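Commentary on secondary and tertiary structure
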Amino acid sequence: PKKRNLNNKVKKFLIIGDFVEKTNIEIIKLINFSKEILLNKFDVFFKPHPAYLFENNFNKFLNVIIIDKPIKNLIDEFDIILCSHATSTIVDFYYSGSQVILYKNINHINYSCVNDFKDINIVSNYKQFIKIINENYIHSNKKNPRDFFYLDNKYSKLNKILDNYC
């Protein structure tokens, strides 16, 4: 039986697509090598990048559900998220308390904005990915978005900059 979350629902795994086709193919290979384990534990979904128009390539290799909802509507819907190193979406999911996995090709520059975060799993091959999937750890608590974002509805810092230059 598939792993269940705290609400006794089947755990949901979301793959966030990249805008670079080569990276998506690398992720397909990563998932393909581990699909028996992954598909036995999770319902797996794929959210293509808005600039990537070939999401059918993903479903051709894997039995995943393609979704096209805005990220803001997906934040609380998934238990584990896999993103490439080039997407900033990982921050949204990380600060929502989701378990996130960062895919990084060791032959490319790591553009990730979460490089120094200690509780993010970084994988570059299917063996690392399978190990993380088999660990089944639960993300302990929600993060405070203010630790990463400057949230100010009055835009006081921006207004100060604009006042100095306008």
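Further up the page is the structure itself.
Throughout what follows, the structure given in this document is the object of discussion. No experiment lies behind these values; they were computed from the predicted model shown.

What follows is about the sheet that holds strand β2 (residues 43-47). Across the sheet, which stays open at both edges, the six strands sit in the order β3-β2-β1-β4-β5-β6 with parallel pairing between neighbours. The sheet is open, and its two edges are formed by β3 (65-66) and β6 (121-123), each paired on a single side. Bridge count for strand β1 (residues 12-16) against β2 is five bridges, and the pairing is parallel. Residue pairing in the sheet places Ile 15 in a bridge with Phe 46 of β2. In the packing of helix α5 (residues 126-135) onto the sheet, contacts are made with β1, β4 (80-84), β5 (99-103) and β6, and the angle to β6 comes to roughly 150°.

So, about the environment of Ile 67. Assignment of secondary structure puts Ile 67 in the loop between β3 and β4. Using a relative accessible area of 13% as the deciding quantity, one classes Ile 67 as buried. Between the C-alpha atoms of Ile 67 and Pro 48, which are 19 residues apart in sequence, the distance is 7.6 Å. Among residues more than four places away in sequence, those in contact with Ile 67 are Leu 14, Phe 45, Phe 46, Lys 47, Pro 48, Leu 74 and Phe 78.

Along its 13 residues, helix α1 (residues 21-33) runs 18 Å from first to last C-alpha, staying within 8% of the 18 Å computed at 1.5 Å per residue. Of the residues making up α1, those classed as buried are Thr 23, Asn 24, Glu 26, Ile 27, Ile 28, Leu 30 and Ile 31.

Quick look at the packing of aromatic side chains now. For any pair of aromatic rings, the description rests on two quantities: the centre-to-centre distance and the angle between the ring planes. Inspection of the entire model under this criterion finds four aromatic pairs. On the numbers, 5.9 Å between centres and 85° between planes, the contact of Phe 13 with Phe 129 is edge-to-face. Here Phe 13, found in strand β1, pairs with Phe 129, found in helix α5; they are 116 residues apart in sequence, far enough to count as distant. With a centroid separation of 4.7 Å and an interplanar angle of 25°, the aromatic rings of Phe 33 and Tyr 126 are classed as stacked. Of this pair, Phe 33 sits in helix α1 while Tyr 126 sits in helix α5, and the two are 93 residues apart along the sequence. Taking relative accessible area as the criterion, Phe 33 reaches 57% and is therefore assigned exposed. The residue whose ring lies beneath Lys 12 is Phe 78, and the NZ or CZ to ring-centre distance is 5.0 Å.

In this section: the nonpolar core. Ranked by size, the top nonpolar core spans 19 residues in total, and within it Leu 14, Ile 81, Ile 90, Phe 93 and Ile 120 carry the most contacts. Of all the secondary-structure elements, those providing two or more residues to this core are β1, β4, α4 (89-96) and β5. No other element matches α4, which puts five residues into this core. Phe 93 has contacts with Leu 14, Ile 16, Ile 71, Leu 74, Ile 75, Ile 81, Ser 98 and Val 100, leaving out every residue within four places of it along the chain. Counting 18 residues, the second-largest nonpolar core is a separate cluster that includes Val 44, Leu 82, Ile 101 and Tyr 103.

Rules used in this analysis
Residues numbered from 1 in each chain as written. Predicted model: local features only at pLDDT ≥ 70, side-chain atom pairs only at ≥ 80, totals over all residues. Heavy atoms only, no water. Pairing = 2+ DSSP bridges. Helix = DSSP H or I, 4+ residues; strand = E, 2+ residues; numbered from the N terminus. Contact = heavy atoms within 4.5 Å. Axes fitted to C-alpha atoms, helices over the stretch in contact; angles between N-to-C directions. Buried < 20%, exposed > 50% of the residue type's maximum accessible area, 1.4 Å probe, protein only. Expected span 1.5 Å × (residues − 1). Phe/Tyr/Trp six-rings, centres within 6.5 Å; stacked < 30°, edge-to-face > 60°. Lys NZ or Arg CZ within 6 Å of the ring centre and 35° of its normal. Core = buried A, V, L, I, M, F, W, Y, C linked by side-chain atoms within 4.5 Å.

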